[in-house]
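# Summary of structural features
The lines below spell out each chain.
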There are 6 protein chains.
Amino acid sequence: MARYGAQLGPDITFLGVPPCDLGDPASYADADVVIIGAPFDGGTSYRPGARFGPQAIRSTDYVGHYGSRPSLALRVDGLKDLGVRDAGDVEMFSGDVVKSLADLRAEVAKVTAAGKVPVVLGGDHAIAYADVSGVADVLGPGRVSLVHFDAHADTGDVDFGSLWGHGQPMRRLIEAGAVRGDRFLQLGLRGYWPGPDILRWMAGQRMRSYEMSEIGERGLRECLTEAFATATDGCDGVFLSVDIDVCDPGHAPGTGTPEPGGLTARELLDAVRRTCLELPVVGMDVVEVSPPYDHAGITAALANRVVLEALSAIARRRKDERDGTRWDPRLPLLADRG
Amino acid sequence: MARYGAQLGPDITFLGVPPCDLGDPASYADADVVIIGAPFDGGTSYRPGARFGPQAIRSTDYVGHYGSRPSLALRVDGLKDLGVRDAGDVEMFSGDVVKSLADLRAEVAKVTAAGKVPVVLGGDHAIAYADVSGVADVLGPGRVSLVHFDAHADTGDVDFGSLWGHGQPMRRLIEAGAVRGDRFLQLGLRGYWPGPDILRWMAGQRMRSYEMSEIGERGLRECLTEAFATATDGCDGVFLSVDIDVCDPGHAPGTGTPEPGGLTARELLDAVRRTCLELPVVGMDVVEVSPPYDHAGITAALANRVVLEALSAIARRRKDERDGTRWDPRLPLLADRG
Amino acid sequence: MARYGAQLGPDITFLGVPPCDLGDPASYADADVVIIGAPFDGGTSYRPGARFGPQAIRSTDYVGHYGSRPSLALRVDGLKDLGVRDAGDVEMFSGDVVKSLADLRAEVAKVTAAGKVPVVLGGDHAIAYADVSGVADVLGPGRVSLVHFDAHADTGDVDFGSLWGHGQPMRRLIEAGAVRGDRFLQLGLRGYWPGPDILRWMAGQRMRSYEMSEIGERGLRECLTEAFATATDGCDGVFLSVDIDVCDPGHAPGTGTPEPGGLTARELLDAVRRTCLELPVVGMDVVEVSPPYDHAGITAALANRVVLEALSAIARRRKDERDGTRWDPRLPLLADRG
Amino acid sequence: MARYGAQLGPDITFLGVPPCDLGDPASYADADVVIIGAPFDGGTSYRPGARFGPQAIRSTDYVGHYGSRPSLALRVDGLKDLGVRDAGDVEMFSGDVVKSLADLRAEVAKVTAAGKVPVVLGGDHAIAYADVSGVADVLGPGRVSLVHFDAHADTGDVDFGSLWGHGQPMRRLIEAGAVRGDRFLQLGLRGYWPGPDILRWMAGQRMRSYEMSEIGERGLRECLTEAFATATDGCDGVFLSVDIDVCDPGHAPGTGTPEPGGLTARELLDAVRRTCLELPVVGMDVVEVSPPYDHAGITAALANRVVLEALSAIARRRKDERDGTRWDPRLPLLADRG
Amino acid sequence: MARYGAQLGPDITFLGVPPCDLGDPASYADADVVIIGAPFDGGTSYRPGARFGPQAIRSTDYVGHYGSRPSLALRVDGLKDLGVRDAGDVEMFSGDVVKSLADLRAEVAKVTAAGKVPVVLGGDHAIAYADVSGVADVLGPGRVSLVHFDAHADTGDVDFGSLWGHGQPMRRLIEAGAVRGDRFLQLGLRGYWPGPDILRWMAGQRMRSYEMSEIGERGLRECLTEAFATATDGCDGVFLSVDIDVCDPGHAPGTGTPEPGGLTARELLDAVRRTCLELPVVGMDVVEVSPPYDHAGITAALANRVVLEALSAIARRRKDERDGTRWDPRLPLLADRG
Amino acid sequence: MARYGAQLGPDITFLGVPPCDLGDPASYADADVVIIGAPFDGGTSYRPGARFGPQAIRSTDYVGHYGSRPSLALRVDGLKDLGVRDAGDVEMFSGDVVKSLADLRAEVAKVTAAGKVPVVLGGDHAIAYADVSGVADVLGPGRVSLVHFDAHADTGDVDFGSLWGHGQPMRRLIEAGAVRGDRFLQLGLRGYWPGPDILRWMAGQRMRSYEMSEIGERGLRECLTEAFATATDGCDGVFLSVDIDVCDPGHAPGTGTPEPGGLTARELLDAVRRTCLELPVVGMDVVEVSPPYDHAGITAALANRVVLEALSAIARRRKDERDGTRWDPRLPLLADRG
């Protein structure tokens, strides 16, 4: 089977990592991580454009695209150490959400079945249903917990006559049994949606959602520590879903449904790092980057760094497990470089 | 049935014309023309954003929104003289093209069945299938001819696994029998799509497509005259479909698939005017305005003027038929104003 | 008297709340809050555009415009609980500041006289003179204190030969006796204006102005607590005036006189919440949103949320007073949702 | 009296020509032309920003700012040959149109009284009342005819409660007797404003207005020839008023009230050239450049070239009168360069 | 020698044509045309950004990147029929113009020596020195004539202390003897640069430069016919150099030194087509596309089409020579498609 | 020698301070600080545009350009108290980095030799080599220490075949002996460049580099205190080099190589203030402001404030030394204003 490549624009890979073909397992046998593009924005309820997310996230960067990115902070090279491969885009016609999600889910499952970590570049958040389901199809229902950074709960029921928009995937995942409600952590929620009915449903599922007021009062660090403490109880791994709108629109203007009052870029990067250092991440997506609303590519750059931060932390976690070491954020950059 | 209003943003009407409710025929009984919004861009193959077209086309303008626009040139007030009403948007989830087109088609048919001219504000060009089918459902198959301004033929077969994207509606209309291939006029085509196979199919349907080289060599005026000569032979009316990308990207940057080398805004307005003055227009759409790619709203403003130019010319045509007069473009603006 | 509606563009209301007509008291008899648009930027000394502020603040949002916004954090629906109405715009020709302010002042006084809270959407900050004077015309001179978030003191004397620009309203209010200098709190000042003479005048009035260095050193929380302690001594209520440029230009680029080094959006929202939870707010304006300098609408979105945060907190304060409850920011979002 | 300089931003002159001080006649005694900035946009009915027009028109250009611009086509150096001076800006507070226009009018009259050609850089078109009145104050009422390029007639009566907005200056000029209605030429009008009442008033004044349909049908060249034939009958000179929105928004997006279907930039430059070559221009303004709505400075660049084209043609006309020569547009650029 | 690929961003080829390596002649043995990227803007005197030109020109397009583009008008597939290959970028540090031009020249010469047509994607116009010299190094001094579309003559002597900026390559080429002054055709010049001295030098070289006034008066068609009549007398081939700023800024805003009053995009495409249909083009460059100043990619899209139009016309010319046919612009698009 | 003035655009000075001519020592004899523009971006490895930095940094501001800026916080007027002069731009052709740096270095040395503090407005960071070398040429090798705010270490060796790009100046300075590695403080580093080899070289030089993880963990305040403790041991003064990309792209989008996760604008201003209050700053540059990538001028505004904050703090330090006072950040703005 031939590699599909890119749905829109030239066929490129994430910062130049080698391509692979999901139809040819040998092409990614050596990889720990496989990147998949999901150029879909048919699920957006407001501003579209996220279909250009995969292209933008892959290609933004001022350093050469040669498949290596040594982290100053974590002292690993996420791309090289994990042998990352890029499978290109899944063909996803934005006018057919049902077929598109099914096709994406199948590809994610392939990656998971091969023992690799799928990293899906959205695309709007509707794809999370496919991303997590694809992992759960292999690991089993309820065996993966979710760490979900977002301004919105994404637990709506029916919008514009559909079950499958970008405001609803988290409900669908719980309803389908892919994820347990009580292993569903949400961080960064704020604003005026959803209303009490949906919040009641969420409470009924025993979800744990950190609204920005609580985070502001208690501190993000404490909230993460609390959340991580039980995140994986009874589960085999964690899926990390990052909606870029968890950040304040000042840091991430290029997104479909911006909600003022969010995290800074620095806070998100630190939180993603901790998630991947402290928890056994088995899959990830980064969604809702909408290049037509971006300026100077800063939102795409942030999403690119979210991916790199996660990969670096996964690599560091594996290295620490292997070497019995532990990352120290206070270690000066140039210490022990001899 | 309650008026749906706006799918995105506040519920406004085209330049302040009175609203109507398609479920309540009395609400538009006095109108000659009914405007319908089609906020859909799930059919776009490249840049989305046309879902915000209806909102932008309705609201752009520096004069007050009080439902009146007297044409300097044509000396009629299209909005007032025709009793234009705005039905709001059809709810169209971009992730479900099939359902969305069916719902739009039904609404257009209602307007046509009531003897009114539907004017549909897109949305991407996929909606043309619904727009023309809705008219043909009432007038009968093959009874409406098409005048189609566009950079692209939109006669593709299958794209991204779907039959219903914005590059295919014209093929679907002919295949379905809604429009006869030999009553299908296209003006402004250019560039590098479609390829020979599709062009052969088009030739086989006896379509008449004016590429920009022919228009440049012979002049737009002559081409229009030739095209109009037989446009309605055997038909009962004309549907006018204007893809804003028929204009050069310099005049219409805010669109999904811009193709350099097109008409000027002035040429398009003149051509639309002639179409509606000289032919019995029974329906119309204006599509592919993508506000996120627009600058200073100039593309939305052009689309707004395309609608006004058409409405003014329809009003003038009716007035001329009634009064036995004839519009003279050489008449000075202030002549006979006594 | 007929409702004037919108000065520019379509006649819309704030997120779809019902319209009212200030000439018809019955139309807002049930409301606790009335919104007024002040589309004026003739007072700006630098970048104009704030005339489009009311339109942008009203219409930005990705959720449907149906007049309801339940706050996740505060667990009230500011729009519904307070019965908010929108009176449309006051007609304000930017070329005539004196007449424009007089007309606005009269409308604000009407709202106050009816016992409602006026919420004025600017417009440039020159309108604050009218907004506060209108309230003071009813409550009496010196009976309303001011809480003023801004990068600038706005206490200039004469600029460009006028007394009435956007850099001078606070001086005019004190000179006119509408507000006592010692009940005038300013937060967020920074930069290089005004000079020592004006600062001396301010000190002479016993104003209390928190510059960003003090806020940075002591913390915003402590400054607010200190400021609120005596804010209403000898006064009957508080007018809250929010110049969006109190935020850093990274969070609020769309404004006329951006000054680097300001609050984050999160800090402003929290401070507005506290103001309206802890103090008896009797009027409010949000000013200096300049859409032509905005990007992706993020500044308008922030101003929209400032209004919602204020309305939610006012609603919550009333609820807490009624029910004897107290808002706890540490309460998890989904706690007690049963 | 001290030179005022710039109202906004640094004190610069048009492409580096020497500054002058209108209070010091010696400072511009050697000049044939004096440039005046009118940074005013309090008269705009829609998008403001024209206050930044003078700054943008003066400073845009990729060649050094040393006060020389030899015209390739006309073979003169308008700036040097005419000894152009720049008087800086008149202080014009946008919130006070009456005082601002009076102050500008006085300065224009000074220049005219000194026998120089005033070239006013707007600012919105409200300033035309001051510009032309200032010239007529010296030359006498009805002694100056107007050549007016614009999308709009600008002959409104009362807007937003004022007589002095940017849609009304031409009416005020005729009412005041400064200009005779039958020596008022308008070119480029189009669209849907004003309505029949105002058009009747215009006809009653015997104005001659060329709408774009007439220009399109007859050709701009023929219209200009016809218009120029009697333009100066009974008058002593011509005031040229160029509203940049006479061009299509594709060529001039950065303006307050863009109207699709206008002239190309090339057509405007040619028409301005002919006006200044063939008629005795005694004053000029270029208005409605709104930098916040511009892109890549193309509208400011066009306005800058309109000024240069006019100055070059005035210089060439004087040279031709002096030398008995005549400009030939067919002469190759490099012919006779020996 | 390894293929260098892309200097900036991912390694992509022009619309997906196969890559080649200039160090490996076999990799382009089958090609008639080889594309080279010149990501250099160290020569710009004003706005930089052209270093991103190659990337933008290669990747803009809404159709799939699979290396095929059948021309609707010319009925050939330039990319496929000519076997186009893309050699990637030459490494060109913008801070070292001398070394960068030398390196580019050597690569262009390789392509010419192999009997292929080099198509260089700039980059600023400084690269034309290298592009034409590289061809002349093989064909011999004075054996290649130049057809040069530009707003500027680019015949300056010393600017900013350097001989090698983007305003000087044409002088350097003539001085170096690479091109004869009397076989140097320039079309589209306008504005206020250069001054009389340089024009005299040009006249002394017997260059033929068509300024826009002459083109406007005589028509572009007639000018091209005249120019082409003797273009190749005594020469072996033509180098076509297209500075995108020959178009009006309305059609090509994304460029370094925009000059109002230029060609439309349609005119440029037609002129490029005629050049390549009627003359023996042996090399080509397209320069001065500056993406940071572009809007919605319309300038990059135009440059992409300039390349495609040229390649299509070269292919058609070869086909016509082979088949004894002749292209007829009046032939309807669908005629003879059976 | 004549003052060169501006390389690009009109000849303006920083916020209207008096101009001076570096060839005429008398013209800046009274100044403590001399500003120099370095309009160069030939050293950028990615996005250019920094050549417009000096123009943008000088001219951005909403207050009049009259050479005075009293600091609200520090209670001094940096511009007036220090007698700041602006020498205009050094002519720097971006295509010749070697000559450009040499010319800049000579001018900086002149200023230092005259006992003034040079403040260089970049330009890309390549200029730091010239800026610091120019100071060291006078103070002696190793006698000046560096405080360097940046996202990047800028210690690369060879890039794009050159030693002189914007990623390499810090290495060149140490190699040349101008600065001691162990007196080189870097703050704000982050991301994925450089790699281990270069970091090892840096460690070998005993540089002290604070990566954002360490800053986040320990707090910026503590890091600065630690860094400043030994910053000047064995040195005579400090050069402060501020790359605007040390800030998060949300606060500084207009830059060449944006790296997410940086300082806020507030943090940078506070850190610059402390540097200049606590250390003996003898020279400074602000670099990498790229206006074509900026939005609403917010990055230029930030850089302008960085300069003002530094000048104000230098003035305050001198005043405190003179008067035996000490700045208290907790002092309320209006305290002691009597």
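Up top is the structure.
Residues numbered from 1 in each chain as written. Chains lettered and ligands numbered in written order. Predicted model: local features only at pLDDT ≥ 70, side-chain atom pairs only at ≥ 80, totals over all residues.

Moving on, we get to the overall build of chain A. Each helix and strand counted, chain A has ten helices and eight strands in total. Taken over C-alpha atoms, the radius of gyration comes to 18 Å for chain A, in line with the 20 Å a tight globule of 338 residues would show. Seen through its C-alpha atoms, chain A measures out along the principal axes to roughly 60 × 50 × 40 Å. Taking as baseline every contact in chain A between residues at least 6 positions apart, the subset at least 24 positions apart corresponds to 76%. (Helix = DSSP H or I, 4+ residues; strand = E, 2+ residues; numbered from the N terminus. Rg over C-alpha atoms; globule rule 2.2 N^0.38 Å. Contact = placed C-beta atoms within 7 Å.)

Residues and elements named next belong to chain D. Counting buried residues along strand S4 (residues 144-149), six of its six residues qualify, which places the element largely inside the surrounding structure. Burial of the side chains of S4 extends over both faces: Val144, Leu146 and His148 are buried on one face and Ser145, Val147 and Phe149 on the other. Relative to strand S7 (residues 237-243), S4 runs parallel, the two sharing six bridges. For His148, the partnering residue across the bridge sits in S7 and is Ser241. Direction of pairing for S4 relative to strand S5 (residues 184-189): parallel, over a ladder of four bridges. From the neighbouring strand, Val147 faces S5, where its bridge partner is Leu185. Following the chain from S4 across helix H5 (residues 169-175) to the adjacent parallel S5, one finds a crossover that is right-handed. (Buried ≥ 20, exposed ≤ 12 C-beta atoms within 10 Å, placed from the backbone. Pairing = 2+ DSSP bridges. Right-handed = clockwise from strand over helix to strand, strands pointing away.)

Residue and element names in this part refer to chain F. Taken together, eight strands build an open sheet; the order of strands is S2-S1-S3-S8-S7-S4-S5-S6 and the sheet is parallel. Every interior strand has two partners, whereas the edge strands, strand S2 (85-89) and strand S6 (208-211), have only one. Mean inter-strand twist for the sheet, computed between neighbouring axes without regard to direction, equals 15°. As paired elements, strand S1 (residues 33-38) and strand S3 (residues 117-122) share six bridges and run parallel to each other. (Axes fitted to C-alpha atoms, helices over the stretch in contact; angles between N-to-C directions.)

All names here are of chain E. If you trace the eight strands from one edge of the open sheet to the other, you get S2-S1-S3-S8-S7-S4-S5-S6, paired in parallel fashion. For this open sheet the edge positions go to strand S2 (85-89) and strand S6 (208-211), each flanked by a neighbour on one side alone. Ignoring which end each strand starts from, the neighbouring axes of this sheet average 15° apart. Judged from the six bridges that link them, strand S7 (residues 237-243) and strand S8 (residues 281-287) form a sheet pairing that is parallel. Bridging from a neighbouring strand, Val242 pairs with Val286 of S8.

Counting residues at the interface gives 28 residues for chain C and 33 residues for chain A. Every element with two or more residues in the side of chain C that touches chain A is listed here: helix H9 (265-278) and helix H10 (298-323) of chain C. When residues in the side of chain C that touches chain A are grouped by element, the largest group, five residues, is from H10(C).

Turning to the relation of the copies chain F and chain D, a few remarks are in order. Both copies of the chain are related by one operation, a rotation about an axis with a shift along it. After a rotation of 180° and a shift along the axis of 0.0 Å, chain F superposes on chain D with an RMSD of 0.0 Å. Both copies are brought into coincidence by an operation consistent with a two-fold rotation axis. Ranked by how close their C-alpha atoms come to the rotation axis, the residues of chain F are headed by F:Ile12, at 3.7 Å. Take the interface residues of chain F: 100% of them recur as interface residues in chain D, which is what a same-surface contact looks like. (Least-squares fit on C-alpha atoms with pLDDT ≥ 70 in both.)

Residue and element names in this part refer to chain A. With their axes 11 Å apart at the nearest point, helix H8 (residues 220-229) and helix H9 (residues 265-278) run at an angle of 25° to one another. Considered as vectors, H8 and H9 are oriented roughly parallel to each other. Handedness of the H8/H9 crossing: right-handed. Only Glu267, Ala271, Arg274 and Glu278 of H9 make contact with H8, whose side of the interface consists of Leu220, Leu224 and Phe228. Considering only residue class, the contact of H8 with H9 consists of four nonpolar, no polar and three charged. (Parallel < 35°, antiparallel > 145°, perpendicular 65-115°, else oblique. Left-handed = near helix turned anticlockwise from the far one by under 90°. Nonpolar A, V, L, I, M, F, W, Y, C, P; charged D, E, K, R; others polar.)

Attention now goes to the environment of E:Asp236. Residues and elements named next belong to chain E. Mapped onto the secondary structure, Asp236 falls in the loop between helix H8 (220-229) and S7. You can call Asp236 partly exposed: it has 14 C-beta atoms within 10 Å. Each C-alpha atom, one on Asp236 and one on Lys110, is 18 Å from the other, the two residues being 126 residues apart in sequence.

If you rotate chain C by 120° and push it 0.0 Å along the axis, it lands on chain A with an RMSD of 0.0 Å. Such a combination of rotation and displacement between the chain copies is what one expects of a three-fold axis. Among all C-alpha atoms of chain C, that of C:Gly250 lies closest to the rotation axis, at 3.1 Å. Mapped onto chain A, only 7% of the interface residues of chain C again fall at the interface, so the copies present different surfaces.

Contacts between chain F and chain D engage seven residues on the former and seven residues on the latter. Per-class residue counts for the side of chain F that touches chain D are two nonpolar, four polar and one charged.

Attention shifts here to helix H10 (residues 298-323) of chain E. All names here are of chain E. In this model H10 runs 36 Å from its N-terminal to its C-terminal C-alpha over 26 residues, within 8% of the 38 Å that 1.5 Å per residue would give. Burial within H10 is extensive, with 19 of its 26 residues counted as buried. Backbone geometry just after H10 places Gly324 at a positive phi near 70°. (Expected span 1.5 Å × (residues − 1).)

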